[in-house]
Amino acid sequence: MKYPILLALATLTSALPQKRATPQGIDVSSYQPNVDWTTVKNNGISFVYIKATEGTDYISPSFSNQYIGATNAGLIRGGYHFAHPDLSSGATQADYFLANGGGWSADGITLPGALDIEYNPSGSECYGLTASSMVSWIQSFSNTYEAATGRYPIIYTTTDWWTTCTGNSAAFGTTNPLWIAIYSSSVGTLPAGWQYETFWQYADTGSNPGDADLFNGDAAGLSRMALGY
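Just so we're clear, the structure is a prediction, and the values are computed from it rather than from any experiment.

(A) Local environment of the nonpolar core. Formed by 46 residues in total, the largest nonpolar core has its most connected members in Trp37, Val48, Ile117, Ile138, Trp161 and Trp162. Broken down by element, this core gets its largest block of residues, six residues, from helix α4 (residues 131–149). Those residues in contact with Ile138 that sit more than four places away from it in its chain are Leu115, Ile117, Ile155, Trp162, Thr166 and Phe172. Counting residues in each nonpolar core, the second largest holds 16 residues, with Tyr80, Leu111, Leu222 and Ala226 among its members.

Following this line, the structure appears as structure tokens:
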């Protein structure tokens, strides 16, 4: 999200998904520090994921204002954490995320936190971890988050990265909702273990700030996701 994703960018402008009744969303970070949330809401956006943390030494300077602004505009919102599995354990990074905006409560407007696990922006694609070590790292993050909130985190990834860096592990398909990133007219093949995506990041540009997302369901389903049903 913060960094470019190696996806099918050539199809971005010519093969975007057709507008449909599923709730539309965006995700933003400090690259979009001044969002007009009322305009975003009026444009038909229902939800937003906001970058909260990265590793264990970065808190987005825009997170608080973005989160409050989205809340005041009536959007369902949640935070996400950009993972650095090479720097510290999954549990340590989950705790950092939880302490700095990544929590969840059953208030009907808070989405469970998301783990952004993808291409290393500054080194080895898989952060120097073997596939089995990467799966263990993700499990550590996920279990720590679930123990604190009662919800498993959303996993944001690409099929390509997941296949390369986890060995296409199927270990999370029954516990962690999937947020798939693919800039194309369809989601295509999903990582092993998931029968469907919960969120789909389908473009990195559009009429609203940040990346463009869809929820796989209706407005009532999005509300249930926020409530924990």
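Don't stop here, the text continues.
(B) Fine view of helix α5 (residues 159–166). Residues of α5 that are buried include every one of Trp161, Trp162, Cys165 and Thr166, and no others. Buried residues in α5, looked at end-on, bunch into an arc of 100 degrees, giving them a common side. Structurally, α5 contributes buried residues whose contacts are with α4 and β6 (154–157). Immediately downstream of α5, the backbone of Gly167 shows phi near 70 degrees, a positive value.

(C) Summary view of the pairing of strand β8 (residues 199–203). Most of β8 sits inside the fold, with five of its five residues counted as buried. Of the pairings in the sheet, the one linking strand β7 (residues 178–181) to β8 comprises three bridges and is parallel in character. Within the sheet, the bridge partner assigned to Ile180 lies in β8 and is Trp200. Relative to strand β9 (residues 211–215), β8 runs antiparallel, the two being bridged by four bridges. The residue bridging Ala203 from the neighbouring strand is Ala212, located in β9.

(D) Representation of the pairing of strand β2 (residues 45–54) within the structure. Taken across its 10 residues, β2 has nine buried, putting it largely inside the fold. Direction of pairing for strand β1 (residues 24–28) relative to β2: parallel, over a ladder of five bridges. Across the sheet, Ile26 pairs through a bridge with Val48, a residue of β2. In this fold, the crossover linking β1 to β2 by way of helix α1 (residues 37–42) has right-handed handedness. By the bridge criterion, seven bridges tie β2 to strand β4 (residues 76–82) in an arrangement that is parallel. Following the sheet pairing, Tyr49 is matched in β4 by Gly78. Counting the residues that bridge the hairpin from β2 to strand β3 (residues 58–59) gives three residues, and of these Gly55 lies at a positive phi of roughly 55 degrees.

Conventions used here
Note that residues are indexed from 1 along each chain, following the sequence as it is written. The predicted origin of the model limits local features to residues at a pLDDT of at least 70 and limits the giving and counting of side-chain atom pairs to 80 or more, whereas totals for whole chains, interfaces and linings rest on all residues. Water and hydrogen atoms were dropped before computing side-chain values, which therefore reflect all heavy atoms in the structure. In these notes, a set of buried Ala, Val, Leu, Ile, Met, Phe, Trp, Tyr and Cys residues joined through side-chain atoms within 4.5 Å is what counts as a nonpolar core. Here's how the labels work: a residue is buried when its accessible area is under 20% of the maximum for its type, exposed when over 50%, partly exposed in between, all with a 1.4 Å probe on protein chains only. Helix and strand definitions here come from DSSP, where helices need a minimum of 4 consecutive H or I residues and strands a minimum of 2 consecutive E residues; each element is numbered from the N-terminal end. Only heavy atoms matter for contacts: two residues are in contact if any of them lie within 4.5 Å across the pair. By arc we mean the arc of the directions from the helix axis to the C-beta atoms, nothing more. Strands qualify as paired when DSSP identifies two bridges or more between them. Whether a crossover is right-handed comes down to one check: with the strands pointing away from the viewer, does the path from the first strand over the helix to the second run clockwise; if it does, it is right-handed.

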